[in-house]
Amino acid sequence: MKTQFMLSALTASLLAMQASAQSPANQQSLTTVIVNANRIAQPYSDVMKSVTVIDRETLIASAAPDMFSVLQAVPGLQLARTGLMGAQTSLFTRGAESDHTLVLLDGVRINTASEGAARLENIPLSQVERIEVTRGPQSSLYGADAIGGIIHIYTSQQTALDSPALTGDISAGAGTEASRSAQANVTLTQSNTELDLSLSHNETDGIRPRNEPQSAQDKSPYENTAWSARLTQQLNGDSRLWASVLESDAEYTFDGGESENISRTVTGGARFELNNLFTSQVQVSRFKDDNLYQQFSPTESTTTRTSVQWQNELSWNENSESVLGLDTDREKLVYVASGAVQNEERRDNEAVFALHSQTFGANQLSLSLRYDDNEQFGDFTTGRLALGRDIGEQSNIWIAAGNAFKAPNLIDLYVDFPQFFFYANPALQPEESKNTELGISTVLANTSLQATIYNNRLSNLIDSNATFDSLTNISRAEISGVELTASRAIANWNAQASITLMDHENKATGESLLRRADEQANLRLRREFQQLSLLFDWLWVGERADLDPVTFARSSVDSYNKLDIVANWQFGEALNAQLRIGNALDEDYEVVDGYNTLGRNAMLKLRYQF
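Residues numbered from 1 in each chain as written. Predicted model: local features only at pLDDT ≥ 70, side-chain atom pairs only at ≥ 80, totals over all residues. Heavy atoms only, no water.

On a plain count of helices and strands, the protein chain comes out with 7 helices and 35 strands. Over its C-alpha atoms the protein chain spans a radius of gyration of 24 Å, differing by no more than 12% from the 25 Å that the globule rule assigns to 610 residues. The C-alpha extent of the protein chain, read off along each of the three principal axes, is 65 × 55 × 50 Å. Per-residue burial for the protein chain yields a buried fraction of 53% across its 610 residues. (Helix = DSSP H or I, 4+ residues; strand = E, 2+ residues; numbered from the N terminus. Rg over C-alpha atoms; globule rule 2.2 N^0.38 Å. Buried < 20%, exposed > 50% of the residue type's maximum accessible area, 1.4 Å probe, protein only.)

Pasting the structure below:
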C-alpha cells in the first residue's frame, strides 16, 4: 500500500507537470552534447541511448558530499554501502552486478583488477566537472565490464581561451559529525595554453555504522586528500595536446579495522583535426590503485593498468559519421594476504572497434561492433544495432539490441586460498548479457519527457561450484525495467522527476536479486530568487532483499524516503554561502541490513570565486 501511494503521488506530479502550461522548461536533456555514449560528441536526440548528464552547476547546487549522494537519484541506478563516507560502495546499474558498470575517469578505466568494480567511495567530488551516465550494455564500444552501463567522470575541462588569465574558486565548510571540507581550484590561461590546478580535503568523524549483531563500539572516521593538474595546449581548430594527473589518498577506520587507498591516474594525449572530414585522437594512460585493508591481518591489493586508445572520427557529411579505433590494455594485480597464493599477475587485452551513424530523412541508424582479443579467455565480439525515427520537431523513438560481457577479475582467476580449501579457476569465461530496449523522447506542453523499456538477460555468471571449493560459470539472471523522467518549469520552479520500475530474478533460484528495489522515485524542485536559491531533493526507494548480518539468511530491508534541502545565498558576484540539510525529515532507515545511516545532518559552506 505504501509503495502504491508513493508511486501514485509521483505519477500524479509527472502528469501535473505535463498538463501545466507555464514557461518552457530547461530542454537540456534533448540538446546537451553527450561525449561518452558513442565515443563522439552528439546531441542527446541523436544518441539513441538512455543518458543522464550531471554538470558542474548541478553538482554545486546539490552540495552533495560524495559520489554516493550524487548518483543515488539517477534513474536506473541503485547504490548500497555498509556505513557512510568511505565505506565500500556498490553500484547496481539497471539491476546488474556491482562489477557490471564500467567507470571511466577522463576516458581511463578505473575498475580494479581485484574486485572488478571502481572504488566510487574514494573519488573526490570536488575534482569533478561533469558526469555522464549511460545506461544499458556498452561493450560494443568500450569492451569488458559495461553490461549495466558506463559512468564517465570528467575532471576540469578546457575553458574559452579568451577568458581572464587567472580564474578559480576557494571554499571551506563544516557540519555535523565534525565534518570539514576545504578546496581550491585555479585556472591559468595564457594565449593558447591552459593550466588547471585543484586541491581538496574532506574529513568526517562519521557514526557507529553497524547495529547488528551488536552495535559498533566506535565511530568510523574518514578523510580524503586529493589534487589534480591538467595542462592543455590548443592548436588549430579542434586540435589540441593535453596531459593530466589526479591523485587521491583516502583513509577509513571502522570497528575492528581500517583501510587506506591511494589512487593515481595519469594521462597524455593529442587530438588533430586534419580537415573537415577526418579527426584523429590518441591517449596514453596509467592507472594505479593501491589498497590496504587491515582487519585481523593485512590485505594489500595493487592494480596497475597501462592503456593506449587511438580513435579516428570521419564525418562524411551532416547525415553520416563513423568512428574507427584501437584499444590496448595491460592489467596487473599484486595481491598479498594471509594464506593467499597468487599464481599469475597480469593479462593483456587488445581490441578494435567501429561505429557508424546514418540519418535517412526522419530515420536514424547506429551500428557498433567491437572485437576483443584477451590473453586469458581468448576473443569476444560484441555489437549493438539501434534504429530510430523522428516523430515530431522535438520527438523521437528508437529501438536497440546488443550484447555485452564482463571479464573475470584476476583474484577469481589466479589467487588460491588453500587454508580455506578454496581455489581460483583460470579457465573462467566472461559473463555475458543480451539486451533489448525501446526509448522515446518528446516535449509536450513545455515538458521534456523520456521513457525507456528494457530487458537484459545475463548468462554464464560466475558463482561457486557444486563442491564450494572453486568458481565456475553457472548462474543466469533476467532483469526487465522501465525508466520515466520528466522536467519542466512550473511557476518559476525548475522541476525534475523520475520513476524506475524493475523486475529481476536469479534464474537458478527464482528469487529476486539482493539489494535491488523494484521501485525507486525522485523529485527535485529548484528555484532562484534574487539572492537566494532553494533546492528540495526527495528520494524514495522501495523494499529490497538482503542478507541478515547474524544468520546470513535472506532478509528484507524496508522502503524509505529521504528529503535533502539546500539553500544558497549570494552575497555578491564573488561570495556565496550554502547550507545543506540532509535527511531533513530525520527518517530512520537502512540501506544495507544491519547498518545505520545518518539522521538529520547539516553542512555549511562558504565559496569565493575570482
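When their charged atoms lie close together, side chains carrying opposite charge are able to pair. The tally for this structure, following the rule as stated, stands at 37 salt bridges. Between Arg330 and Asp348 there is a salt bridge, with its nearest N and O atoms 2.8 Å apart. Linking Arg330 in strand 18 (residues 320-337) with Asp348 in strand 20 (residues 346-360), this pair joins segments that are 18 residues apart in sequence. Taking relative accessible area as the criterion, Arg330 reaches 44% and is therefore assigned partly exposed. Residues participating in the shared-partner salt-bridge network are Arg94, Arg135, Arg384, Glu437 and Glu483. (Salt bridge = Lys/Arg side-chain N within 4 Å of Asp/Glu carboxyl O.)

Strand-to-strand pairing in sheets goes through backbone hydrogen bonds, with the strands running parallel or antiparallel. With respect to topology, 5 strands assemble into an open sheet ordered 3-8-9-6-7, the strand pairing being mixed. Strand pairing shows two members of the sheet lacking a second neighbour, strand 3 (50-55) and strand 7 (108-109), which therefore form its edges. As judged from the 6 bridges shared by strand 3 and strand 8 (residues 130-135), these two strands associate in the antiparallel manner. Bridge pairing in strand 8 links Asp55 to Arg130. (Pairing = 2+ DSSP bridges.)

So, about a nonpolar patch on the surface. Judged by side-chain polarity, Leu166, Ile170, Leu188, Leu197, Trp569, Phe571, Leu575, Leu606, Tyr608 and Phe610 come together as a nonpolar surface patch covering roughly 910 Å² of accessible area. Every element with two or more residues in the nonpolar patch is listed here: strand 10 (166-175) and strand 35 (601-609). Judged by relative accessible area, Trp569 falls into the partly exposed class, the value being 37%. (Patch = residues over 30% accessible without salt bridge, like charges linked within 9 Å, V, L, I, M, F, W, Y side chains within 5 Å. Areas by Shrake-Rupley, 256 points an atom, 1.4 Å probe, with all protein chains shown as cover.)

This paragraph deals with the side chain of Asn576. Relative to the elements of secondary structure, Asn576 occurs in strand 34 (residues 575-582). For Asn576, the side chain forms a polar contact with the side chain of Asn568, separated by 2.7 Å. Ignoring sequence-local partners within four residues, the contact set of Asn576 consists of Asn568, Trp569, Gln570, Phe571, Lys605, Leu606 and Arg607. (Polar contact = N/O pair within 3.5 Å; in protein donor to acceptor, adjacent residues only side chain to side chain. Contact = heavy atoms within 4.5 Å.)

Attention now moves to the packing of aromatic side chains. Under the defined criterion, the tally for this structure stands at 9 aromatic pairs. Seen in terms of ring centroids, Trp493 and Phe536 are 6.1 Å apart; in terms of plane orientation they differ by 50°. Their pairing is tilted. Remark: Phe536 occurs in strand 30 (residues 532-541) and Trp493 occurs in strand 28 (residues 493-506); sequence separation between them is 43 residues. Taking relative accessible area as the criterion, Trp493 reaches 22% and is therefore assigned partly exposed. Take Phe536: its relative accessible area is 28%, and that puts it in the partly exposed class. (Phe/Tyr/Trp six-rings, centres within 6.5 Å; stacked < 30°, edge-to-face > 60°.)

Grouped together as the largest cluster of nonpolar side chains are 26 residues, with contacts concentrated most on Met67, Val70, Leu71, Val128, Ile131, Ile151 and Ile153. Taken together, the elements giving at least two residues each to this core come down to helix 5 (67-71), strand 4 (77-81), strand 6 (101-105), strand 8 and strand 9 (149-154). A total of 4 residues in this core trace back to one element, the largest contributor, which is helix 5. Look past the residues within four positions of Ile153 in its chain and what remains in contact with it is Met67, Val103, Leu104, Leu105, Asp106, Ile123, Val128 and Arg130. If you look at the next biggest cluster of nonpolar residues, it comprises 13 residues, including Leu333, Tyr335, Ile411 and Val415. (Core = buried A, V, L, I, M, F, W, Y, C linked by side-chain atoms within 4.5 Å.)

Glancing now at a negative patch on the surface. On the surface, a cluster of negative charge is made up of Asp503, Asp518, Glu543 and Asp558. Tracing the chain through its elements places Glu543 in the loop between strand 30 and strand 31 (544-547). (Lys, Arg positive; Asp, Glu negative; His and termini not counted. Charge placed at Lys NZ, Arg CZ, Asp CG, Glu CD.)

Right, let's talk about unusual backbone geometry for a bit. Glycine aside, residues mostly have negative phi angles, and peptide bonds mostly take the trans form. In the Ramachandran plot, Arg94 falls in the positive-phi region, its phi being about 50° despite a non-glycine side chain. Mapping Arg94 onto the fold places it in the loop between strand 5 (89-93) and strand 6. In this structure, Arg515 takes a positive phi of about 65° despite not being glycine. Secondary-structure assignment places Arg515 in the loop between strand 28 and strand 29 (519-528). The class of Arg515 is partly exposed, set by a relative accessible area of 28%.

Turning to the pairing of strand 6, a few remarks are in order. Most of strand 6 is tucked away, with 5 of its 5 residues classed as buried. Neither face of strand 6 is open: one carries Thr101, Val103 and Leu105, the other Leu102 and Leu104, and all of them are buried. Pairing of strand 6 with strand 9 involves 5 bridges; the strand directions are parallel. If you follow Val103 over to strand 9, its bridge partner there is Ile151. Note: strand 6 against strand 7, 2 bridges, orientation antiparallel.

Examined against the element boundaries, Asp255 turns out to sit in the loop between strand 14 (240-254) and strand 15 (257-273). Only 3.4 Å separates the side chain of Asp255 from the side chain of Arg210, close enough to count as a polar contact. Beyond its immediate chain neighbours, meaning those up to four positions away, Asp255 contacts Arg210, Ala216, Gln217, Asp218, Ser220 and Gln295.

Confidence in the prediction for the protein chain averages 91 pLDDT; 93% of positions are at 70 or higher. The secondary-structure element of the protein chain with the lowest mean pLDDT is helix 1 (residues 2-19), recorded at 45, while strand 34 shows the highest, at 98. Counting contacts from residues 1-29, a segment whose pLDDT is below 50, to residues more than four positions away or on other chains yields 61 contacts. (pLDDT = per-residue confidence, 0-100.)

Okay, the environment of Glu212 next. Residue position: Glu212 is located in the loop between strand 12 (193-204) and strand 13 (222-234). Overall, the relative accessible area of 29% leaves Glu212 in the partly exposed class. Along the primary structure Glu212 and Ser556 are separated by 344 residues, whereas in three dimensions their C-alpha atoms are 14 Å apart. Apart from residues lying up to four places away in sequence, Glu212 is in contact with Asp548, Pro549, Val550, Asp593 and Gly594.

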